Amino acid sequence: MATPVPPSAAADNKVDEKVDYFNLPCPIPFEELHREAMMSLKPDLFEGMRFDFTKMLNQKFSLNHSVIMGPTEIPSQSTETIKIPTAHYEFGSTFIDHPKLLLWGRILTDGRLNARVKCDLSENLTFKANAQLTNEPHMSHGMLNFDYKGKDYRSQFQFGNGALLGASYIQSVTRHLSMGGEVFWAGQHRKSGVGYAARYNTDKMVATGQVASTGMVLLSYVQKVSEKVSLASELMCNYLSRDVTASFGYDYILRQCRLRGRIDSNGCVAAFLEERLNMGLNFILSAELDHRKKDYKFGFGLTVGE
């Protein structure tokens, strides 16, 4: 007959459990430290009407058509927000050879062109490129990234127009804690900066902190109440300009829809709803109320295709 383990022995086994520092998990990229908080606090808000249609030509290639109609804000010296009605048509294509290659492109009727490339050069090295071309002078930009994924660390090197150079590194310290830093140099503006960050995550929560020499301090916390509900909070401040903003948000996944929203200390309230009407057909509602500026934005849209 098997004899039960005394409670004291079981407790000792828990206490004696040690961390294997030679077998730590690989952390997430440095640029995605706050991704759980951003899902709730930074939804894709818009104003007016939006219609997106995606046509799959085969398993790897698809065409995208988008129609956007809504007001656009223009700069003004007065406190009131001035908007003018605009409408755009966007055509794009996507090629995905999962998981090694991604080609993504979009062009608008106003002449803007956005392109993105992601290619796995090896199991550990990934190349990324982003570009935006416009008719306006000095508004086009591009960025090249080289990401290296180690066993328990990640590093990234960035090269951009305007003599922009950047590098970041993040290392797993324990199974739940990762720490890292970044450095950048903008040669065109003669500016440089250094930043540090830490991330602690478990199955129920994610806490992150980031500070930079530019004056930015960003703290975020996400509590996973259940598999369908999560709450998020964020504190962003600049100790040079003394600007402070606190935000609270939620992410609620229902059977046929997903609801996200936030409220911040500036008096801005936002909500974003995605309702699945049928297979390949989604209805979108967006709302943002800025009580301090008396600026109210509402939008609705349809997404057809997967």
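See the structure shown above.
Throughout, a residue's number is its position along its own chain's written sequence, starting from 1. Only residues with pLDDT of 70 or above have their local features reported here, since the model is predicted, and side-chain atom pairs are shown and tallied only from 80 upward, although totals for entire chains, interfaces and linings are computed over all residues. Hydrogens are left out, water is left out, and the side-chain values use all remaining heavy atoms of the structure.

Q: Where do I start with the packing of aromatic side chains in this structure?
A: Between two aromatic rings, the relevant description is the distance of the centres plus the angle of the planes. Whether two aromatic rings pair depends on their centres lying within 6.5 Å, for rings of Phe, Tyr and Trp, where Trp uses its six-membered ring; planes under 30 degrees apart make the pair stacked, over 60 edge-to-face, and the rest tilted. Tallying each qualifying case throughout the model produces 4 aromatic pairs. Ring centres 5.3 Å apart and planes at 50° place the aromatic pair Phe-127 and Phe-146 in the tilted group. Here the residue Phe-127 occupies a position in strand β6 (residues 125-133), and Phe-146 occupies one in strand β7 (residues 141-149), the gap between them amounting to 19 residues. Note on Phe-146: relative accessible area 30%, which makes it partly exposed. Taken together, the ring pairs connect Phe-127, Phe-146 and Phe-159 into an aromatic cluster. Charge-over-ring contacts are defined here by two conditions on Lys NZ or Arg CZ: a distance within 6 Å of the ring centre and an angle within 35 degrees of the ring normal. In this structure, Arg-116 packs its charged tip against the face of Trp-104, placed 4.5 Å from the ring centre. Under the DSSP-based scheme used, a helix requires at least four consecutive residues in state H or I and a strand at least two consecutive residues in state E, with every element numbered from the N terminus. Each residue gets one of three labels from its accessible area relative to the maximum for its type: buried under 20%, exposed over 50%, partly exposed in between, using a 1.4 Å probe on protein chains only.

Q: What is the right way to look at a nonpolar patch on the surface in this model?
A: A cluster of nonpolar side chains, namely Phe-51, Phe-53, Val-67, Met-69, Tyr-89, Phe-91, Ile-107, Leu-113, Leu-133, Leu-277 and Leu-302, defines an oily patch on the protein surface of about 860 Å² accessible area. Secondary structure elements with two or more residues in the nonpolar patch: β1 (48-56), β2 (61-74) and β3 (82-97). Among the structural elements, Phe-91 can be located in strand β3. Within the patch definition used here, like charges are joined within 9 Å and nonpolar side chains (Val, Leu, Ile, Met, Phe, Trp, Tyr) within 5 Å, considering only residues with over 30% relative accessible area and no salt bridge. Surface accessibility follows the Shrake-Rupley procedure with a 1.4 Å probe radius. Residue values consider only the protein chains on display as shielding. By definition, a salt bridge exists where a carboxyl oxygen of Asp or Glu is found within 4 Å of a side-chain nitrogen of Lys or Arg.

Q: Is there a simple way to explain the pattern of salt bridges in this structure?
A: When the charged atoms of two side chains lie near each other, side chains of opposite charge can form a pair. One pass over the full model with this rule turns up 17 salt bridges. Between Glu-36 and Arg-199 there is a salt bridge, and its shortest N-O distance comes to 2.9 Å. Linking Glu-36 in helix α2 (residues 35-41) with Arg-199 in strand β11 (residues 191-201), this pair joins segments that are 163 residues apart in sequence. As far as the burial class goes, Glu-36 and Arg-199 line up, both buried. Between Lys-297 and Asp-295 there is a salt bridge whose closest N-O contact spans 4.0 Å. The class of Lys-297 is partly exposed, set by a relative accessible area of 21%.

Q: How do you make sense of the nonpolar core when you look at a structure like this?
A: Generally speaking, soluble globular proteins have nonpolar side chains that are buried together. Within this scheme, the nonpolar core is defined by two criteria: the residues are buried Ala, Val, Leu, Ile, Met, Phe, Trp, Tyr or Cys, and they are joined through side-chain atoms within 4.5 Å. In this structure, Ala-37, Leu-41, Val-206, Val-222 and Ala-232 together form the largest nonpolar core, which totals 5 residues. Beyond its immediate chain neighbours, meaning those up to four positions away, Ala-37 contacts Ser-220, Val-222 and Ala-232. When checking whether two residues touch, look at their non-hydrogen atoms; a contact exists if any pair is within 4.5 Å.

Q: Please explain the side chain of Asn-114 as it appears in this structure.
A: Mapped onto the secondary structure, Asn-114 falls in strand β5 (residues 113-120). Among the polar contacts made by the side chain of Asn-114, one reaches the side chain of Gln-132 at a distance of 3.3 Å. Setting aside residues up to four positions removed in sequence, Asn-114 forms contacts with Trp-104, Gly-105, Arg-106, Ala-131 and Gln-132. Polar contacts here mean pairs of N or O atoms no more than 3.5 Å apart (in protein, one a potential hydrogen donor and the other a potential acceptor; neighbouring residues in sequence count only if both atoms are side-chain atoms).

The analysis is restricted to geometry; functional conclusions fall outside its scope.
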